[in-house]
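Examination of the molecular architecture
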Amino acid sequence: MTALRIDDLHKSFGGLHVIQGVNFTVEPGERRLLLGPNGAGKTTLFNLIAGDLRPTAGQIRLADEDVSDLPTFRRAARGIGRTFQILTLFARESVIGNVIMALLGGRPQRWKPYGAVAKDPVLRREALEVLARVRLDTLADRPVSETSYGEKRRLEIAMALAQAPRILLLDEPLAGLSKEERGTVSALLAELPRNLTILMIEHDMDVALAFAEKIALLHYGRLIVDGTREEVIADPRTREAYLAQ
Amino acid sequence: MKSPGMKTLGILLLCAAAVPLVLPGPFYLSIATQVLVYGLFAVSVNLIAGYCGMVSLGHAAFLGIAGYAFALLTTSTGWPLWAAIPAAVALSVAAGALFGLVALRTSGLSFLMITLALGQIVWGIAFRYVDLTNGENGISMPRFQGLLASGTGLYYLCLAVTAGCLALVTILAGSPLGASMQGVRDQPRRMSTLGYDVWRIRYAAYVLSAGIAGIAGVLYMLLFRFISPHTLSLTVSSEAVLMVIAGGLGTTFGPVVGAALVVLLKNVASAYTDRWPTLLGLIFLFIIVVVPEGLLPGARRLMRTFGSRLATRRGPTPIPASPIKEARP
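Residues numbered from 1 in each chain as written. Chains lettered and ligands numbered in written order. Predicted model: local features only at pLDDT ≥ 70, side-chain atom pairs only at ≥ 80, totals over all residues.

Turning to the overall build of chain B, a few remarks are in order. Along chain B, the regular secondary structure elements total 15 helices and 2 strands. For chain B, the C-alpha atoms occupy an extent of roughly 100 × 55 × 35 Å along the three principal directions. With 329 residues in all, chain B has 46% of them scored as buried. Taking as baseline every contact in chain B between residues at least 6 positions apart, the subset at least 24 positions apart corresponds to 77%. (Helix = DSSP H or I, 4+ residues; strand = E, 2+ residues; numbered from the N terminus. Buried ≥ 20, exposed ≤ 12 C-beta atoms within 10 Å, placed from the backbone. Contact = placed C-beta atoms within 7 Å.)

This is how it looks when you write it as structure tokens:
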């Protein structure tokens with residue numbers, strides 16, 4: 001059983017064909033890197049997989065279930081978690097408040113119109129556990145507006161982890177981080193459990209190549225190389241796509 | 001997710017309960033009751049605009065639908081109050097459920113325009129469907145009996161209902177559903193990624209808000225015993241939005257403070273000057289410039305700034321002069 005299977009996926013915005021017939025499969029537990037120059041369609045592909053965009057044609061199967069027509073929140077319930085390239089946090093909340101929102105998203109409890117969320121001991125305990133995984137448990141009660149950029153990046157990851165996803169989509173988790181913070185975050189990523197399937201977009205080649213086992217290279221909305229790390233690095237088309245910029 | 005104070009609500013309730021004892025006459029008591037009725041209406045607008053991030057310019061429709069329904073059911077069909085009240089509120093909820101299906105296809109400015117359009121449609125029906133609504137002349141209700149006949153009784157009834165609804169909204173705001181509404185307000189995209197059905201959350205807030213506006217509509221009829229198309233007009237809808245913004249969008253008591261401001265200016269200031277709308281305009285200008293977040297949160301911020309300034313002016317405690325120096329002549 002594949003974790004994710006994409007068949008002949010197309011996406012157009014008017015006359016602009018952003019994704020043009022992409023096919024690929026991701027096995028359970030795989031770490032897959034999505035490479036490509038700017039404008040190659042990487043984030044669009046993520047948005048199609050997560051459900052923020054509907055494909056013009058083609059199919060997305062999650063663990064053998066066709067999810068192409070499901071809205072984003074139903075795909076989240078089926079195990080797709082993601083982080084955003086542009087920080088998307090609840091700025092008025094505390095750090096732990098953000099994680100609690102992520103935890104609640106997967107539970108029927110989210111419809112409860114009474115009972116203070118902030119005082120729920122179970123949610124708080126679980127949120128602290130998730131925060132500990134990204135080393136933010138000591139900052140739990142700090143307002144998000146008072147945390148550093150690197151801490152916000154880690155919070156993005158914590159929120160996705162709180163969803164207990166089966167597939168994690170990481171959209172440039174290292175973007176804008178200092179060298180030191182990059183080390184911290186890449187160590188975090190390396191610690192993620194092996195049964196979690198991860199699809200990552202990242203431009204920091206040192207970290208990305210160390211992390212990924214398989215790489216897919218997108219160019220103008222087409223998948224031009226797809227294979228193991230060594231195969232893709234050795235492929236002349238990889239060099240061409242990047243140097244041709 | 002912050003749970004705003006039930007304690008504050010209790011203290012304010014006690015103060016409000018003492019109001020009829022202090023006020024000089026029935027005129028002022030009627031104004032105080034108006035503050036409660038419009039306050040509840042503003043609470044309903046705040047639920048959707050403040051907590052869920054969707055400003056509606058058609059909320060007077062729900063106030064009016066409940067008001068007309070209550071008036072018609074009690075006068076034309078002769079229903080008793082106890083049956084007419086829930087029926088009127090239920091009709092508002094039903095209207096909210098229907099309008100929500102149309103309005104919530106959009107958000108932001110388009111939502112504002114659609115709610116405005118829906119509100120105008122209801123206003124148009126009230127204005128033109130003369131056989132039912134008596135058109136421009138409106139519908140008057142006979143005097144009530146018992147508790148409702150006295151100004152004090154009516155005041156306490158309105159206080160109980162408004163405070164009860166305010167308590168429910170406060171509980172909701174701190175609950176998982178309330179947190180979801182605020183999440184949808186701040187980061188709708190993230191919310192759907194986290195597994196929340198953004199549309200349904202907005203719909204729930206909208207229908208609930210329509211229900212509260214409906215309750216306010218019944219109180220309105222109990223107080224004024226008269227309704228005309230003016231009650232459903234854009235002026236009433238936009239005044240409620242102004243009340244919420246003036247008091248503090250997304251705060252617990254802000255809407256009631258805003259309602260008090262507008263009602264007092266309308267009734268008290270108009271006794272002294274014909275130019276009270278100018279005064280209202282100047283006050284809103286002042287609010288936007290000095291406390292753009294609204295009177296309540298603004299006052300809190302100013303007090304904090306003022307307090308910390310005072311503390312720095314006093315400065316660190318001076319070091320006492322050395323005793324050796326003092327010993328010298």
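Helix and strand counts for chain A come out as 9 helices and 10 strands. Taken over C-alpha atoms, the radius of gyration comes to 18 Å for chain A, in line with the 18 Å a tight globule of 245 residues would show. Along the first, second and third principal axes, the C-alpha atoms of chain A reach 55 × 40 × 35 Å. Counting across all 245 residues of chain A, residues that qualify as buried make up 44%. Taking as baseline every contact in chain A between residues at least 6 positions apart, the subset at least 24 positions apart corresponds to 67%. (Rg over C-alpha atoms; globule rule 2.2 N^0.38 Å.)

Residue and element names in this part refer to chain B. The first and last C-alpha atoms of helix α11 (residues 234–247) sit 20 Å apart over 14 residues, in line with the 20 Å expected at 1.5 Å per residue. A large share of α11 lies buried, amounting to 10 of its 14 residues. Restricting attention to buried positions, one finds in α11 the residues V236, S237, E239, A240, V241, M243, V244, I245, A246 and G247. Looking one or two places after α11, you find G248, whose phi comes out positive at around 135°. (Expected span 1.5 Å × (residues − 1).)

A few words now on the sheet that holds strand β5 (residues 65–66) of chain A. By way of backbone hydrogen bonds, the strands of a sheet pair with one another, either parallel or antiparallel. All names here are of chain A. Taken together, the 4 strands give an open sheet; going across it, the order is β2-β1-β4-β5, and neighbouring strands pair in antiparallel fashion. For this open sheet the edge positions go to β2 (16–26) and β5, each flanked by a neighbour on one side alone. Contacting β1 (4–13), β2 and β4 (57–62), helix α1 (residues 42–50) runs over the sheet at an angle of about 65° to β2. (Pairing = 2+ DSSP bridges. Axes fitted to C-alpha atoms, helices over the stretch in contact; angles between N-to-C directions.)

Moving on: the domain arrangement of chain A. Residues and elements named next belong to chain A. Assigned domains within chain A: domain 1 (1–79 + 166–245) and domain 2 (89–164). A C-alpha centroid distance of 26 Å is found between domain 1 and domain 2. Facing the 10 residues of domain 1 at the interface are 10 residues of domain 2. Secondary structure elements with two or more residues in the side of domain 1 that touches domain 2: α2 (72–77) and α6 (179–191). In terms of residue count, the dominant contributor to the side of domain 1 that touches domain 2 is α6 (3 residues). Its residues assigned to classes, the side of domain 1 that touches domain 2 shows 7 nonpolar, 2 polar and 1 charged. (Domains from an automatic or database assignment. Nonpolar A, V, L, I, M, F, W, Y, C, P; charged D, E, K, R; others polar.)

Turning our eyes to something else, we now look at the interface of chain B and chain A. The interface is formed by 22 residues belonging to chain B together with 29 residues belonging to chain A. Going through the elements one at a time, α7 (151–174), α8 (176–186) and α9 (188–193) of chain B are the ones with two or more residues in the side of chain B that touches chain A. Ranked by residues supplied to the side of chain B that touches chain A, first place goes to α8 of chain B with 6 residues. A class-by-class count of the residues in the side of chain B that touches chain A yields 8 nonpolar, 9 polar and 5 charged.

Residues and elements named next belong to chain A. Of the pairings in the sheet, the one linking β1 to β2 comprises 8 bridges and is antiparallel in character. Bridge pairing links L4 to V26 in β2. Counting the residues in the hairpin turn of β1 and β2 gives 2 residues, including G14, whose phi is positive at 60°.

Okay, helix α12 (residues 254–272) of chain B next. Residue and element names in this part refer to chain B. Counted at 1.5 Å a residue, the expected span for α12 with its 19 residues is 27 Å, and the 27 Å between its end C-alpha atoms agrees. Of all the bends in α12, the greatest measures close to 30° and is centred on L265. Taken residue by residue, α12 has G254, P255, V256, V257, G258, A259, A260, L261, V262 and V263 as its buried positions. (Bend = angle between axes of the 7 residues up to and from the residue.)

Now for the packing of helix α3 (residues 60–75) of chain B against helix α10 (residues 198–224) of chain B. Residues and elements named next belong to chain B. One can describe the packing of α3 onto α10 by two numbers: an axis separation of 7 Å at closest approach and a directional angle of 50°. Taken together, the axes of α3 and α10 lie oblique to each other. Crossing handedness for the pair α3 and α10: right-handed. Contact with α3, carried on its side by F62, L63, G64, I65, A66, G67, F70 and A71, involves A210, A213, G214, A216, G217, V218, Y220 and M221 of α10 and no other residues of that element. The residue makeup of the contact of α3 with α10, split by class, is 12 nonpolar, 4 polar and no charged. (Parallel < 35°, antiparallel > 145°, perpendicular 65-115°, else oblique. Left-handed = near helix turned anticlockwise from the far one by under 90°.)

Residues and elements named next belong to chain A. If you trace the 6 strands from one edge of the open sheet to the other, you get β6-β7-β8-β3-β9-β10, paired in mixed fashion. Sheet topology places β6 (80–82) and β10 (222–228) at the edges, where each strand pairs with a single neighbour. Here the average twist between neighbouring strands, direction ignored, is 20°. As paired elements, strand β9 (residues 214–219) and β10 share 6 bridges and run antiparallel to each other. Considered in β10, the bridge of L218 is made with L223. Packing of α1 onto the sheet brings it into contact with β3 (31–35), β6, β7 (167–171), β8 (197–201) and β9, and relative to β7 it is tilted by some 150°.

Let us now look at the nonpolar core. Counting residues in hydrophobic clusters, the biggest one holds 169 residues, and the most contacted among them are V99 and A158 of chain A. Here the element with the most residues in this core is α10 of chain B; it accounts for 17 residues. No fewer than three residues from each of domain 1 (1–79 + 166–245) and domain 2 (89–164) of chain A sit in this core. Discounting chain neighbours no more than four positions away, the residues touching V99 of chain A are A127, V130, L131, A158, M159 and A162 of chain A. (Core = buried A, V, L, I, M, F, W, Y, C linked by C-beta atoms within 7 Å.)

Next up on the list: the environment of G176 of chain A. Looking at the secondary structure, you find G176 of chain A in the loop between β7 and α6. Considered as a pair, G176 of chain A and Q85 of chain A are 91 residues apart in the sequence and their alpha carbons are 9.9 Å apart.

Glancing now at the pairing of β3 of chain A. Residue and element names in this part refer to chain A. Along β3, 5 of the 5 residues are buried, which leaves the element largely enclosed by surrounding structure. Both faces of β3 are covered, namely the face carrying R31, L33 and L35 and the face carrying R32 and L34. Here β3 pairs with β8 via 4 bridges, running parallel. Of the residues in β8, the one forming a bridge with L34 is I201.

All names here are of chain B. Within the element layout of this structure, S140 appears in strand β1 (residues 139–140). Judged by local crowding, S140 falls into the partly exposed class, with 13 C-beta atoms found within 10 Å. Sequence-wise, S140 and L101 are 39 residues apart; in three dimensions their C-alpha atoms are separated by 33 Å. Not counting the four nearest positions on each side in its chain, S140 is found in contact with R225 and F226.

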